[in-house]
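What follows is the residue order along each chain.
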Amino acid sequence: MSYADTMAALNAKRTQIEAIQAEMRELQAGVEPQEVADYVLAGWNGPVRLSDLFGAKRDLIVIHNMGTGCPACTMWADGFNGVYDHLAARAAFALVSPNPVATQKTFAASRGWRFPMVSYGDSAFAEDMGFREGGEPLDDKLGGWNPGVSTFRRDGERILRLSNAEFGPGDDFCVVFHLFDLIPGADPSWRPRYSYAQETAQ
Amino acid sequence: MSYADTMSAIGAKRRQIEALRVEMRALQSAIEPEPVADYTFQGWGGPVRLSDLFCEKNDLFVIHNMGTTCRYCTLWADGFNGVYEHLADRAAFVLATPNTPQVQQQFAKSRGWRFPMVSHQGSSFATDLGYRLEHGDEVGENSSRWVPGISAFQRDASGIRRVSNTELGPYDDFCSVWHFLDMLPEREARWEPKFKYA
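Within every chain, residues take consecutive numbers counted from 1 along the sequence as written. Chain letters start at A and ligand numbers start at 1, both assigned in the order the entries are written. Given that the model is predicted, a residue must reach a pLDDT of at least 70 before its local features are reported, and side-chain atom pairs must reach 80 or more before they are shown or counted; all residues, however, enter totals for whole chains, interfaces and linings.

## Focus: the nonpolar core
Working step 1: What we call a nonpolar core is a set of buried Ala, Val, Leu, Ile, Met, Phe, Trp, Tyr and Cys residues whose membership is set by joining through C-beta atoms within 7 Å. Every C-beta atom is placed from the backbone, and the number of other C-beta atoms within 10 Å of a residue's own sets its class: buried at 20 or more, exposed at 12 or fewer, partly exposed in between. Core analysis: the largest hydrophobic core is formed by 90 residues, its most contacted members being Ala 94 of chain A together with Phe 61, Leu 87 and Val 94 of chain B.
Working step 2: Here contacts are defined at the residue level, using C-beta atoms placed from the backbone and a cut-off of 7 Å between them. Beyond its immediate stretch of four places on either side in the chain, Phe 61 of chain B contacts Leu 179 of chain A together with Leu 87, Ala 91, Phe 93, Ile 150 and Ala 152 of chain B.

## Description of the environment of Gln 104 of chain A
Residues and elements named next belong to chain A.
Working step 1: Tracing the backbone shows Gln 104 in helix α4 (residues 101-111).
Working step 2: Note on Gln 104: 24 C-beta atoms within 10 Å, which makes it buried.
Working step 3: Each C-alpha atom, one on Gln 104 and one on Met 117, is 7.4 Å from the other, the two residues being 13 residues apart in sequence.
Working step 4: Filtering out sequence-adjacent residues up to four positions away, Gln 104 remains in contact with Ser 97, Asn 99, Met 117 and Ser 119. Going along the chain from the N terminus, every DSSP run of H or I of four or more residues is numbered as a helix, and every run of E of two or more is numbered as a strand.

## Quick notes on the domain arrangement of chain B
Working step 1: By the assigned domains, chain B splits into domain 1 (1-30) and domain 2 (33-181).
Working step 2: The C-alpha centroid of domain 2 of chain B is placed 29 Å from the C-alpha centroid of domain 1 of chain B. Segment limits for the domains were obtained from an automatic or database-derived domain assignment.

## Focus: the interface of chain A and chain B
As a measure of interface size, the accessible area lost when the parts come together is often cited.
Working step 1: Each side of the interface is counted separately: chain A has 60 residues, and chain B has 59 residues.
Working step 2: Counting only elements with at least two residues in the side of chain A that touches chain B, the list comes to α1 (3-29), β4 (59-64), α2 (71-82), α3 (84-90), β8 (158-166) and α6 (176-180) of chain A.
Working step 3: If you tally residues by element for the side of chain A that touches chain B, the top one is α1 of chain A, at 17 residues.
Working step 4: Across the side of chain A that touches chain B, the residue classes tally to 32 nonpolar, 17 polar and 11 charged. Each residue is assigned to one class: nonpolar for Ala, Val, Leu, Ile, Met, Phe, Trp, Tyr, Cys and Pro, charged for Asp, Glu, Lys and Arg, and polar for all the others, Gly among them.

## Focus on the pairing of strand β8 (residues 159-167) of chain B
Residue and element names in this part refer to chain B.
Working step 1: Between any two strands, pairing holds if DSSP finds at least two bridges. Pairing analysis gives three bridges linking strand β1 (residues 34-36) to β8, with the strands arranged antiparallel. Residue pairing for β8: Val 36 is matched across the bridge by Ile 160.
Working step 2: Of the pairings in the sheet, the one linking strand β7 (residues 149-156) to β8 comprises eight bridges and is antiparallel in character. Considered in β8, the bridge of Gln 154 is made with Arg 161.
Working step 3: The antiparallel pairing of β7 with β8 creates a hairpin that spans two residues between the two strands.

## Things to note about the confidence of the model for chain B
Working step 1: One confidence number per residue, pLDDT, is output by the predictor and ranges from 0 to 100. Confidence in the prediction of chain B, expressed as mean pLDDT, is 94, and 94% of residues score 70 or more.
Working step 2: Here the predicted complex scores 0.94 on pTM and 0.94 on ipTM.

## Describing the packing of α2 of chain A against helix α2 (residues 71-82) of chain B
Working step 1: Interhelical geometry of α2 of chain A versus α2 of chain B gives an angle of 145° and a closest axis separation of 7 Å. Considering only the axes of α2 of chain A and α2 of chain B, their crossing is right-handed. Residues Asp 78, Gly 79, Asn 81 and Gly 82 of chain A of α2 of chain A touch α2 of chain B, and the partners they reach there are Asp 78, Gly 79, Asn 81 and Gly 82 of chain B.
Working step 2: Its residues assigned to classes, the contact of α2 of chain A with α2 of chain B comprises no nonpolar, six polar and two charged. In this analysis an axis means a line fitted to C-alpha atoms, helices contributing only their contacting stretch, and an angle means the value between N-to-C directions, from 0 to 180 degrees. Crossing handedness follows the turn of the near helix against the far one: under a right angle anticlockwise gives a left-handed crossing, and clockwise gives a right-handed one.

Okay, here's the thing in structure tokens:
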């Protein structure tokens, strides 16, 4: 198909996506929020409650990150780091992973991450929120953990979950795959890595 | 609707969007690319051609950024900056604006941007590729006539071809922030990006 016709056809699809997004907003507006417990997580300076993560904000975005064993989760987090100041102006934002706090600190420093992080510790937060399926050991391995986001709102003494979503290639939360989709015949085997410098040097 | 039913209904909508994306990839793969000239830009180290921007890659993304006066374009660029190494592994990535290289260098430094930038000031690049409106206020490099977007290019022995382009705007696929905001319904206030929030 000609360039102009292809662009017109693609834009028609984008218009369809916008219409579906409008329907999603309608659904989200009608949600009965889910009251959740005030979980105790492992913060960088000791135990921290879910309610503490709100800081001075009414709303809280929690990223369910699979930890340092997941290059894809790391790429998503790199993207959040880029827009962290913008997100933090609207809502509190924290990334939670199964890694111990000491591992989180080292990894965050290596990537230049600026957002707050907490460890699931021995809490049931991940399981209860639907971001842990299996019974794998609580270590740096990927087993059992799922990546995604939960959004919360404070309502007096209560904490309400307003929404959640899983992460995966082509989702709304990582721009990289959408850029690659603009290249016809883009290599489908491309996978994110922690660092790309090594291969260039070889 | 209950939380579980709402999440299930929203999940079904997400799958509808995924199906549309499959159709979009099929359309994109069948495109007849558009030959483009080897434009000359003002690079940070002197004149630079579009063909130079590929470096050793065969694919190139050029972000059409409206310049230092656009808070929205700056938000999008902050996001690209976060994943720059990932993008740069697959394709060359350059941000083009109407600002002079001097202004670009100061602004990039203030934001910690790591990607290459070029100025299209004095070239017809933006106009030819559809990123400048024919009508609108004309106030030099801060003109409201610039349009934000992305062009993707490929090169081979026959030259440079544009293989896709799109505009940028809230709720598009190229900035995650708006999709987070959709998960935090807010009736009383409309969030807008700023350069700084302190």
